[in-house]
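Overview (structure and organization)
In case you want the letters, here they are:
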Amino acid sequence: MRKAAALLFTLGLLFLLSVMFLRFELGQAPMRIGKDILAAAPEQVGAANIVTSVVLGYRGLDTLGEIAILFTAATATGLILSGLGGGQRRDPEGGFILRHGADLVFPFLMLVGMYIVVHGHLTPGGGFQGGVVLAAAFFLPLLARPSRAVSHSALGWIEGLAGASFIVIGLWALTLDQAFMTPWLHQGVLGELFSAGTLPLLYLALGLKVGAELASLLAHLAEVEASE
Amino acid sequence: MIPELHVGWVLFAGAIGLIAIGVGGLLMSRDLFRVVLALAITEAGANLLLVLSGYRFDAIAPIVTNEVGGVMVDPVPQAMVLTAIVIGVGVQALALGLVLRIYRAYGSIDVAEVRRRMDDDIAAEAGLPLPSGREKPAVHS
């Protein structure tokens, strides 16, 4: 009975979504704001990657809300799992190839992650994507050597400082008679590394914050798993 | 003869299908870990649908280059999905943490079993007769 109701609900949802999207003309976005942003963003914000202009320029406040959600999720996971990790029993160490392979890949992953973060306003990429690569870089040694303890306080400091600098950069715009989160440094030449005002700084803070948060999330989950 | 099918409709069908599969899994799975996986599938479908809503097959990525390109894709859905994916990872980790906690407390992640034993615990705390008719609750506080 319950399964039949669930199946009926799913089929109804499928029908509803199909009908909604069959009326929808392909390739014609229902929102008009996209065109205006495409036309205005290169002059207004100065970032070659217009997605970055949207994420940090036009919707900077939303991005602040989104990293607040991520922070809440990471904090709640740490709180939920805090009593569970005994820490006495650990997974066995990885083999020779795994350990040294992880050591070898770590600097390259860091480099790729930082590159993606720093070039977020020029190429496809940015703080969120690069932050995930950074988190993977920190999690890889943990998988190879489970006995090595993770410094949660260091991750917490990185995360806190990055989050605070994101907000301070946003607040500084108020002293220049701009709205909160308005990009404010000199725009520079479109397409150069040092351009687009504060956007690269914001993305750097965002990348460090996302990386530290995801790394501590993964470390929490790994600690619980190891103490099983 | 195969009727001509626009790639876009296939992608839309895929996105909507992913959402339907995920919602079906959310409603029908008894295993809590499968519920978390179904949540992830639903999320993937929703993100794909959002990206597709601004996609054009004759347009280029919204990045200004030296070459004179044609029309650009709408950047707003891409920016939204960009953040939604990372938040999705955080939410999945939180859900997995809750599942781990439930497994430690009850030794099971079967939805029906966990619900029965939670009802027992709540009744025992309130001093009511146990709904399942057992003598004592599963977990002592």
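Not measured: the values here are computed from a predicted model.

**Things to note about the overall build of chain A**
When helices and strands are tallied, chain A shows eight helices and zero strands. For chain A, the N- to C-terminal ordering of α and β elements is α-α-α-α-α-α-α-α. Against the 2.2 N^0.38 benchmark of 17 Å for 228 residues, chain A shows a C-alpha radius of gyration of 22 Å, more extended than a compact globule. Seen through its C-alpha atoms, chain A measures out along the principal axes to roughly 60 × 60 × 35 Å. Within chain A, the proportion of its 228 residues that are buried is 43%.

**Points about the nonpolar core**
By size, the foremost hydrophobic cluster in this structure holds 41 residues, and its most contacted members are Val55(A), Leu56(A), Phe128(A), Phe166(A), Leu199(A), Leu202(A) and Leu206(A). Those elements that place two or more of their residues in this core are helix H2 (33-44), helix H3 (50-58), helix H4 (60-81), helix H6 (127-144), helix H7 (152-175) and helix H8 (199-226) of chain A together with helix H3 (75-106) of chain B. If one sorts the elements of this core by residue count, H8(A) sits on top with twelve residues.

**Remarks on the confidence of the model for chain B**
Close inspection of predicted coordinates is inappropriate for parts of the model with low pLDDT. Summarising the model, chain B shows a mean pLDDT of 81, and 88% of its residues fall at 70 or more. Model confidence for the complex is summarised by a pTM of 0.80, with the ipTM given as 0.79.

**Here's the deal with the interface of chain A and chain B**
Contact with chain A, which involves 55 residues of that partner, is made by 45 residues of chain B. Taken together, the two surfaces of chain A and chain B that pack against each other cover about 4400 Å², and 78% of this comes from carbon and sulfur. Scanning the region where chain A abuts chain B turns up two residue pairs in polar contact (both at pLDDT 80 or more). Examining the composition of the side of chain A that touches chain B, we find that twelve residues originate from one element, helix H1 (residues 2-22) of chain A, more than from any other. Among the residues forming the side of chain A that touches chain B, the class breakdown is 40 nonpolar, ten polar and five charged.

**Observations regarding the side chain of Thr42(B)**
Locating Thr42(B) in the fold gives a position in helix H2 (residues 32-53). When sequence neighbours within four positions are dropped, the list of residues in contact with Thr42(B) reads Leu18(B), Ile19(B), Gly22(B), Val23(B) and Leu26(B).

**Thoughts on H2(B)**
The α-helix advances 3.6 residues per turn, and as a result positions three or four apart in sequence lie on the same side. Between its first and last C-alpha atoms H2(B) spans 32 Å; for 22 residues at 1.5 Å apiece the expected length is 32 Å, and the two agree. Residues Leu32(B), Val35(B), Val36(B), Ala38(B), Thr42(B), Gly45(B), Asn47(B), Leu49(B), Leu52(B) and Ser53(B) constitute the buried set of H2(B). At its buried positions, H2(B) is contacted by H1 of chain A together with helix H1 (7-28), H3 and helix H4 (111-126) of chain B. At the N-terminal end of H2(B), a side-chain oxygen is found 2.8 Å from the backbone nitrogen of Phe33(B), two or three residues along, and the residue is Asp31(B).

**Quick word on H2(A)**
Those residues of H2(A) that fall on the buried side of the exposure criterion are Gly34(A), Ile37(A), Leu38(A), Ala41(A) and Pro42(A). Looking down the long axis of H2(A), one finds its buried residues gathered within 105° of arc, a one-sided arrangement. Within H2(A), the exposed residues directed more than 90 degrees away from the buried face are Lys35(A), Asp36(A), Ala39(A), Glu43(A) and Gln44(A). Those residues of H2(A) that are buried lie in contact with H3 of chain A together with H3 of chain B. Looking one or two residues beyond H2(A), the residue adopting positive phi is Gly46(A), at roughly 85°.

**Focus on the environment of Gly34(A)**
For Gly34(A), the location among the structural elements is in helix H2. Taking relative accessible area as the criterion, Gly34(A) reaches 2% and is therefore assigned buried. Distance in space between the C-alpha atoms of Gly34(A) and Ile97(A) is 49 Å, their sequence separation being 63 residues. Setting aside residues no more than four positions away along its own chain, Gly34(A) makes contact with Asp74(B), Pro75(B) and Val76(B).

**A few points about the environment of Leu190(A)**
All names here are of chain A. Relative to the helices and strands, Leu190 is located in the loop between H7 and H8. Taking relative accessible area as the criterion, Leu190 reaches 38% and is therefore assigned partly exposed. Between the alpha carbons of Leu190 and Ala48 there is a distance of 6.1 Å; along the sequence they are 142 residues apart.

**Concerning the pattern of salt bridges**
Tallied over the entire structure, the rule returns seven salt bridges over all chains. Measuring nitrogen to oxygen at the nearest pair gives 3.1 Å for the salt bridge that ties Lys209(A) to Glu213(A). Residue Lys209(A) and its partner Glu213(A) are both found in helix H8; the two are separated by four residues, about one turn of the helix. Under the relative-accessibility criterion, Lys209(A) is labelled buried at 7%. A residue is classified by how much of its surface remains accessible, and Glu213(A), at 1% relative accessible area, is buried. Across the salt bridge formed by Arg30(B) and Asp110(B), the nearest N and O atoms sit 3.0 Å from each other. Of this pair, Arg30(B) sits in the loop between H1 and H2 while Asp110(B) is found in the loop between H3 and H4, placing the two residues 80 residues apart along the sequence. Residues joined in a network through salt bridges with shared partners are Arg59(A), Asp62(A) and Glu66(A).

Definitions and limits used
- Residues numbered from 1 in each chain as written.
- Chains lettered and ligands numbered in written order.
- Predicted model: local features only at pLDDT ≥ 70, side-chain atom pairs only at ≥ 80, totals over all residues.
- Heavy atoms only, no water.
- Helix = DSSP H or I, 4+ residues; strand = E, 2+ residues; numbered from the N terminus.
- Rg over C-alpha atoms; globule rule 2.2 N^0.38 Å.
- Buried < 20%, exposed > 50% of the residue type's maximum accessible area, 1.4 Å probe, protein only.
- Core = buried A, V, L, I, M, F, W, Y, C linked by side-chain atoms within 4.5 Å.
- pLDDT = per-residue confidence, 0-100.
- Contact = heavy atoms within 4.5 Å.
- Buried area = accessible area lost by both parts, 1.4 Å probe.
- Polar contact = N/O pair within 3.5 Å; in protein donor to acceptor, adjacent residues only side chain to side chain.
- Nonpolar A, V, L, I, M, F, W, Y, C, P; charged D, E, K, R; others polar.
- Expected span 1.5 Å × (residues − 1).
- Arc of directions from axis to C-beta.
- Salt bridge = Lys/Arg side-chain N within 4 Å of Asp/Glu carboxyl O.

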